[in-house]
Amino acid sequence: MPKAVLFDLDGVIVDTAKHHYIAWRALANELGFEFTEHDNERLKGVSRMDSLNILLEVVGIELPDDKKALLAEQKNEQYVRAIKQMDTSDILPGVTDFLHALKEANIAFALGSASKNAPIILKNIGLLDAFDAIVDGNVISQAKPDPEVFLKGAKLLGVAPKDCVVFEDAQAGIDAGKNAGMYVVAVGDPEVLTGADDYIKDLSAMTLTRLEH
Ligand code: BG6
Ligand code: MG
């Protein structure tokens, strides 16, 4: 049995992935471009500025840093308006039951997210105090697929990386978990996400027995 579990936030605990996409698409449209869900897949799990750089690469334009800072801020304002409306009904299927099962089994769990908005989201969905540790975009210097976010989480929990399981919905996050030397469960489509140790549609498919691997 693993000793600790590390959860990505966006797309694993809560369905914020759609709000990120809507805000990035609005920005691309304003710049005069389309931005498809297929293109958006590359933005999942990566930091806000890295996401903007990928979007600009996809639409084929280059902008100076000061303009990029303004656009990233504009996207975030739209995104924050959406997440301010979130509540417990936005928690994804299976999450609440699985967190309870981990608590009962005395398995520690932490958040490992690239988002600087993680605290607002966790507060709105009532899970700010649920985690034994929180590592988010405010405390990391290297974006996924760098393993920093998960290694920091493991360290805070006092557990060796090999005894940790990561839940991730983004390719960059799956790669970060594997780079950290952890067992990775992908939350999503095996046709889209590669390199994970196990695949589930959402956390309602997860049990302590399956976690034993
Ligand atoms: C990740 C999301 O969790 O956080 C990315 O998957 C997002 O799409 C990143 O860009 C940074 O989020 P934020 O809230 O700091 O802009
Ligand atoms: Mg995610």
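Please refer to the structure higher up on the page.
Keep in mind that this is a model prediction, so the values were computed, not measured.

Right, let's get into the site of ligand 1. Residues in close proximity to ligand 1 total 15 residues, the closest being Asp10, Arg48, Ser115, Lys116 and Asn117. Within the side chain of arginine 48, an N or O atom sits 2.7 Å from an oxygen atom of ligand 1. In the environment of ligand 1, an oxygen atom lies 3.3 Å from a nitrogen or oxygen atom belonging to the side chain of serine 51. When the free accessible area of ligand 1 is taken as 390 Å², the share hidden by the protein chains comes to 97%.

Taken in spatial order, the six strands make up an open sheet running E3-E2-E1-E4-E5-E6, and their pairing is parallel. Each of the sheet's edge strands pairs with one partner strand only, and the pair in question is strand E3 (133-135) and strand E6 (198-200). If you compare each strand with its neighbour and ignore which way they point, the axes differ by 20° on average. Alignment of strand E5 (residues 183-187) against E6, held across three bridges, turns out to be parallel. Across the sheet, alanine 186 pairs through a bridge with tyrosine 199, a residue of E6. Lying over the sheet, helix H5 (residues 95-104) contacts strand E1 (4-7), strand E2 (108-112) and strand E4 (164-168), oriented at roughly 155° with respect to E1.

A word on the coordination of the magnesium ion (ligand 2). Summarising the metal site, the magnesium ion (ligand 2) is bound by the protein donors Asp8 (OD), Asp10 (O) and Asp169 (OD), whose distances to it range over 2.0 to 2.1 Å. In terms of primary sequence, the donors binding the magnesium ion (ligand 2) are separated according to D-x1-D-x158-D. One end of the pair, aspartate 8, is in the loop between E1 and helix H1 (17-30); the other, aspartate 169, is in the loop between E4 and helix H8 (171-179), with 161 residues separating them in the sequence. Taking relative accessible area as the criterion, aspartate 8 reaches 4% and is therefore assigned buried.

Moving on, we come to the pairing of E2. Side chains on a regular strand alternate between the two faces of the sheet. By the criterion of burial, E2 is predominantly enclosed, with five of the five residues buried. Because side chains alternate across E2, one face comprises the buried residues Ala108, Ala110 and Gly112, and the other comprises Phe109 and Leu111, equally buried. Here four bridges tie E1 to E2, and the two strands are oriented parallel to one another. Paired with valine 5 across the two strands is phenylalanine 109, which belongs to E2. In the sheet, E2 pairs with E3 via three bridges, with the strands oriented parallel. Across the sheet, the residue bridging to alanine 110 is alanine 133, located in E3. Handedness of the crossover is the feature at issue here: the chain leaves E2, passes through helix H6 (residues 118-124), returns alongside E3, and the resulting connection is right-handed.

Evaluation of the coordinates by the stated rule reveals seven aromatic pairs. Each ring, one from phenylalanine 7 and one from phenylalanine 109, has its centre 6.1 Å from the other, and the planes form 85°; the classification is edge-to-face. Of this pair, phenylalanine 7 sits in strand E1 while phenylalanine 109 is found in strand E2, placing the two residues 102 residues apart along the sequence. We classify phenylalanine 109 as buried; its relative accessible area is 1%. Seen in terms of ring centroids, tyrosine 21 and phenylalanine 35 are 6.4 Å apart; in terms of plane orientation they differ by 40°. Their pairing is tilted.

Now for H1. Helix length check: H1 (14 residues) gives 20 Å between terminal C-alpha atoms against 20 Å at 1.5 Å per residue, within 8%. Buried residues of H1: Ala17, His19, His20, Tyr21, Ala23, Trp24, Leu27 and Ala28, and no others. Where H1 is buried, its residues contact helix H2 (37-40), helix H3 (48-59) and helix H4 (65-83). Among the residues trailing H1, glycine 32 stands out with phi positive, at a value near 95°.

Cut-offs and rules
Sequence order sets the numbering: in each chain, residues are counted from 1 along the sequence as written. Working convention: letters from A go to chains and numbers from 1 go to ligands, in the order in which they are written. It should be noted that, the model being predicted, local features are given only for residues of pLDDT at least 70 and side-chain atom pairs only at 80 or more, the latter also being counted only at that level, while totals for whole chains, interfaces and linings use all residues. Just so you know, side-chain values use all the structure's heavy atoms and leave hydrogens and water out. Proximity criterion: a residue is near a molecule or strand once any of its heavy atoms comes within 4 Å of it. Counting of polar contacts relies on pairs of N or O atoms within 3.5 Å, with two restrictions inside protein: one atom must be capable of donating a hydrogen and the other of accepting it, and residues adjacent in sequence are counted only when both atoms are side-chain atoms. Under the convention used here, a 1.4 Å probe and the Shrake-Rupley method define accessible areas, while residue burial counts only the protein chains that appear. Pairing between two strands requires that DSSP report at least two bridges joining them. Helix and strand definitions follow DSSP, with helices as H or I runs of at least four residues and strands as E runs of at least two, each counted in order from the N terminus. Orientation is described by axes fitted as lines to C-alpha atoms, over the contacting stretch for helices, and by angles from 0 to 180 degrees between their N-to-C directions. Two residues form a contact once any of their heavy atoms are found within 4.5 Å. In this description, a donor is an N, O or S atom within 2.8 Å of the metal centre, a cutoff extended to 3.2 Å for sodium, potassium and calcium. Water is not part of the atom list, which can make sites seem incomplete. Burial classes: relative accessible area under 20% of the type maximum marks a residue as buried, over 50% as exposed, and values in between as partly exposed (1.4 Å probe, protein chains only). Looking down the strands as they point away from the viewer, one classifies a crossover as right-handed if the path from the first strand across the helix to the second runs clockwise. Only centres within 6.5 Å qualify two rings of Phe, Tyr or Trp (six-membered ring in Trp) as a pair; their planes then separate them into stacked at under 30 degrees, edge-to-face at over 60, and tilted for everything else. Expected span of a helix, by definition, is 1.5 Å for each gap between consecutive residues, and there is one gap fewer than residues.

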